[in-house]
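Descriptive structure summary
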Amino acid sequence: MKTPKAESPTDRHTALVQSLGLAIAEGTLAPNSVVRLDELEAQHKVSRSVVREAARVLSSKGMLASRRRFGTVVQPEEAWNLYDPQVIRWRLASSRRLEQLQALNELRGAIEPQAARLAAERASWDAGSDLVSLAARLWAAGQRGEQEEFLRLDVEFHAAVLKASGNAMFAQLQNLVAEVLTGRTEHGLMPDLPHHEALQLHVDVASAIQRGEADAAHAAMSRIMEQFAEEVGHIWSKHHQGVTPDAFPQHTTEADGAPQLPPSASLSTTDS
């Protein structure tokens, strides 16, 4: 019988950061409350150096701060770095995840349609063709009900549009978008099968970018943002009504036909 592997200081540090971050995001550790490092040391059975390093990490994210005569104090939400991927993850894991998703989608709605417009104006033909190919693979994964593959391609698609905009600041938002899409899936706020319109809209964005049609690219991406909010709200309301995920409407795509791709593209059911 193998002896269980001892937990390393790095593992203990990661676990403590995760535990405290979640507690702060949930409000279990309330704003302006004092966090005693000696109590954390005893409660989590870790060394003082592990506790101090965890506090340092959370302070860098704006969630904790050292105050003279008080010690380590939990900061209110407005002080947090709300663009930090870990902070986003913790907020999405909290009971306020719908509020977080709404805020993030409003941010995406302000950025991604404009990124699509710029991509249509600036992206090369090859970059546009790559987007069309990616949209086709996204469609195929959605039709086959391959959630993991669909999520991977969806993250890749939106990152590619942000990059194709030619705006480096837009491109750096890809991690934020990835957290939103991943969190939505992990927390059951995604239909088992994507709706036909959602699949077609991704194709429409890619096709418009390839053809250099800026207004069409902007409009299709705007509709993706709107539909995202509609689906999240619908599924969240089902949760609160006590309806199980199995009772969610299953969107089928067989009767809807293939996505409307430009002549240069083809539907492939395998990744190229």
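Bear in mind that the values here come from a model prediction, so they are computed numbers and not experimental data.

Within the secondary structure, Thr 14 sits in helix H1 (residues 9-26). What makes Thr 14 partly exposed here is its relative accessible area of 46%.

Geometrically, a packed helix pair is captured by the angle between its two axes and the distance between the axes. Axis separation between helix H5 (residues 97-122) and helix H10 (residues 196-211) bottoms out at 6 Å; the angle between their running directions is 35°. In this structure, H5 uses Ala 116, Ala 119 and Ala 120 to contact H10, whose residues at the interface are Val 205, Ala 208 and Ile 209. The residue inventory of the contact of H5 with H10, partitioned by class, reads 6 nonpolar, no polar and no charged.

As a further point, take the confidence of the model for the protein chain. Overall, the predicted model of the protein chain reaches an average pLDDT of 86, with 83% of residues at or above 70. Contacts from residues 243-257, a stretch scored under 50 in pLDDT, to residues over four places away or in other chains number 22 contacts. A low-confidence stretch, residues 262-272 stays under pLDDT 50, and its non-local contacts, those more than four residues away or across chains, total 25 contacts.

Turning our eyes to something else, we now look at the packing of aromatic side chains. Across all of its chains, the model carries 0 aromatic pairs by this definition. Above the ring of Phe 228, the side-chain terminus of Arg 108 is found at 5.2 Å from the ring centroid. The aromatic ring of Phe 228 is capped on one face by Arg 184, whose charged end is 4.6 Å from the ring centroid.

Along the chain, Trp 139 turns up in helix H6 (residues 125-144). Separated by 59 residues in the primary sequence, Trp 139 and Ala 198 place their C-alpha atoms 9.1 Å from one another.

This part covers the nonpolar core. Of all hydrophobic cores here, the largest spans 47 residues; its most connected members are Phe 157, Val 161, Val 205 and Ile 209. Of all the secondary structure elements, the ones that give two or more residues to this core are helix H4 (85-93), H5, H6, helix H7 (147-164), helix H9 (174-186), H10 and helix H11 (214-240). Apart from the residues within four sequence positions on either side, Phe 157 is in contact with Leu 131, Leu 134, Ala 135, His 202, Val 205 and Ala 206. Ile 24, Val 50, Val 74 and Val 87 belong to the second-largest nonpolar core, a separate cluster that totals 21 residues.

At a minimum axis distance of 9 Å, the contact between H1 and helix H3 (residues 48-60) shows a crossing angle of 50°. With respect to their mutual orientation, H1 and H3 come out oblique. Two packed elements cross with a definite hand, and for H1 against H3 that hand is right-handed. Every residue of H3 that contacts H1 at Pro 9, Arg 12, His 13, Leu 16, Val 17, Leu 20 and Gly 21 is listed here: Val 50, Val 51, Glu 53, Ala 54, Val 57 and Leu 58.

Rules used in this analysis
Residues numbered from 1 in each chain as written. Predicted model: local features only at pLDDT ≥ 70, side-chain atom pairs only at ≥ 80, totals over all residues. Heavy atoms only, no water. Helix = DSSP H or I, 4+ residues; strand = E, 2+ residues; numbered from the N terminus. Buried < 20%, exposed > 50% of the residue type's maximum accessible area, 1.4 Å probe, protein only. Axes fitted to C-alpha atoms, helices over the stretch in contact; angles between N-to-C directions. Contact = heavy atoms within 4.5 Å. Nonpolar A, V, L, I, M, F, W, Y, C, P; charged D, E, K, R; others polar. pLDDT = per-residue confidence, 0-100. Phe/Tyr/Trp six-rings, centres within 6.5 Å; stacked < 30°, edge-to-face > 60°. Lys NZ or Arg CZ within 6 Å of the ring centre and 35° of its normal. Core = buried A, V, L, I, M, F, W, Y, C linked by side-chain atoms within 4.5 Å. Parallel < 35°, antiparallel > 145°, perpendicular 65-115°, else oblique. Left-handed = near helix turned anticlockwise from the far one by under 90°.

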